[in-house]
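Now for the letters of each chain:
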Amino acid sequence: MNKKLIAQSFGKASNTYEKDAPVQKWTAGFLAEVIKGLDLEQPADCLEIGCGTGFLTQEMMTLFPHANWLITDLSADMLESCRARIGDGVSYQVMDGEHPALEKKFDLIVSSLAFQWFQDLESALKGLSGLLKPGGRLFFTTLGQETFQQWRDHLIQQGMAVGLHDYPLLEDMQQIAIKGCQMSFARQKRLQPYENGLAFLRALKAIGAQAPQPGYQPLLPGQMRKVIKTLEEGGSCAMTYDILVGTITKEA
């Protein structure tokens, strides 16, 4: 994946992200509830990977207000949007979460819908687990294989190339093993309605998630109109979001 292109896409979308990211907001709230339900001891040092405009950040500030937080994102513009929401009571850093340039260890690492942009998720998880203190935990959500399945199906039916990134199967995630860590994975699906096919595509662009696979040739205007028309033939347009939830615990 072209990280520079991804950062630019999300940077351009920083002003529209708030109103066009209902799934991102819901997923952040869902992950926060998962963490809250575990009744963890108050962590001292915490890290967030891929903060976006601060949906999860805000939830974490409520749960763990006295922790030392380092908030990071690949996009400087997104990081500034998060700062505008949260304020200056925490530390901020532009950083590629797949290759964190950090030596500090953390009690808690969180991330919501950022890991799908990693080139090698398994290696990234191993690297991030190395930043955990003994007994520390990493909680994250990422997109699973069935995400946008309706859009993929319609493109294939029309004989058109699919530019979306490939997301992992839950079963493949469950095969990941990291020495010295306990791991668990689950999934939560959400069907997100859109007014029409064009609204779905506009939402992808508005949240910066339209960055395609390398080498993908964009659809011609006529092809785009055709596939949008077929997408709306059922009278409505809804997209599946396959949310994978992961927990990694460093052995004490």
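Here, the structure is the one placed above.
The structure presented is a predicted model; accordingly, all values stated were derived computationally and were not measured. (Residues numbered from 1 in each chain as written. Predicted model: local features only at pLDDT ≥ 70, side-chain atom pairs only at ≥ 80, totals over all residues. Heavy atoms only, no water.)

**Q** What should I look at first to understand the overall build of the protein in this one?
**A** The secondary structure content of the protein amounts to nine helices and seven strands. Buried positions account for 49% of the 252 residues belonging to the protein. Counting only contacts in the protein whose residues sit at least 6 apart along the sequence, the fraction spanning at least 24 positions is 77%. As presented, the protein carries roughly 12300 Å² of accessible surface, and 49% of it is formed by carbon and sulfur atoms. (Helix = DSSP H or I, 4+ residues; strand = E, 2+ residues; numbered from the N terminus. Buried < 20%, exposed > 50% of the residue type's maximum accessible area, 1.4 Å probe, protein only. Contact = heavy atoms within 4.5 Å. Areas by Shrake-Rupley, 256 points an atom, 1.4 Å probe, with all protein chains shown as cover.)

**Q** What's the story with helix α3 (residues 55-63) in this structure? I'm lost.
**A** The periodicity of an α-helix, 3.6 residues per turn, causes residues three or four places apart in sequence to face the same way. Among all positions of α3, only F55, L56, T57, M60 and M61 are buried. Contacts from the buried residues of α3 go to α2 (22-37), β1 (45-48), β2 (68-73), α4 (76-86) and β4 (106-112).

**Q** Looking at this model, I keep getting lost on the packing of α3 against α4. Mind explaining?
**A** The packing of two helices is summarised by the inter-axis angle and the distance between the axes. Two elements in contact, α3 and α4, have axes whose closest approach is 9 Å; the angle formed by their N-to-C orientations is 35°. For α3 against α4, the interelement crossing comes out right-handed. Where α3 approaches α4, its residues F55, T57, Q58 and M61 are matched on the opposing element by C82, R85 and I86. When the residues that make up the contact of α3 with α4 are grouped by side-chain class, the tally is four nonpolar, two polar and one charged. (Axes fitted to C-alpha atoms, helices over the stretch in contact; angles between N-to-C directions. Left-handed = near helix turned anticlockwise from the far one by under 90°. Nonpolar A, V, L, I, M, F, W, Y, C, P; charged D, E, K, R; others polar.)

**Q** Looking at this structure, I do not really get helix α5 (residues 121-129). What am I missing?
**A** Among all positions of α5, only L121, A124, L125, L128 and S129 are buried. In an axial view of α5, the angular spread of the buried residues amounts to 135°, which keeps them on one side of the axis. (Arc of directions from axis to C-beta.)

**Q** Honestly, the pairing of β1 in this entry has me stumped. Any pointers?
**A** Alternating residues of β1 divide into D45 and L47 and C46 and E48, and every residue in both groups is buried. The pairing of β1 with β2 spans four bridges and is parallel. Looking across to β2, one finds that D45 is bridged to N68. The parallel pair β1 and β2, bridged by α3, forms a crossover whose chirality is right-handed. As judged from the three bridges shared by β1 and β4, these two strands associate in the parallel manner. Looking across to β4, one finds that E48 is bridged to V110. (Pairing = 2+ DSSP bridges. Right-handed = clockwise from strand over helix to strand, strands pointing away.)

**Q** Got a minute to help me understand the pattern of salt bridges in this structure?
**A** Close approach of charged atoms allows side chains of opposite charge to pair. Overall, the coordinates contain 10 salt bridges when judged by the stated rule. Across the salt bridge formed by R187 and D242, the nearest N and O atoms sit 2.7 Å from each other. Placement of R187 in strand β6 (residues 181-194) and of D242 in strand β7 (residues 237-250) is noted, with a sequence separation of 55 residues between them. Here R187 falls in the partly exposed class, since its relative accessible area comes to 31%. Judged by relative accessible area, which is 1%, D242 ranks as buried. (Salt bridge = Lys/Arg side-chain N within 4 Å of Asp/Glu carboxyl O.)

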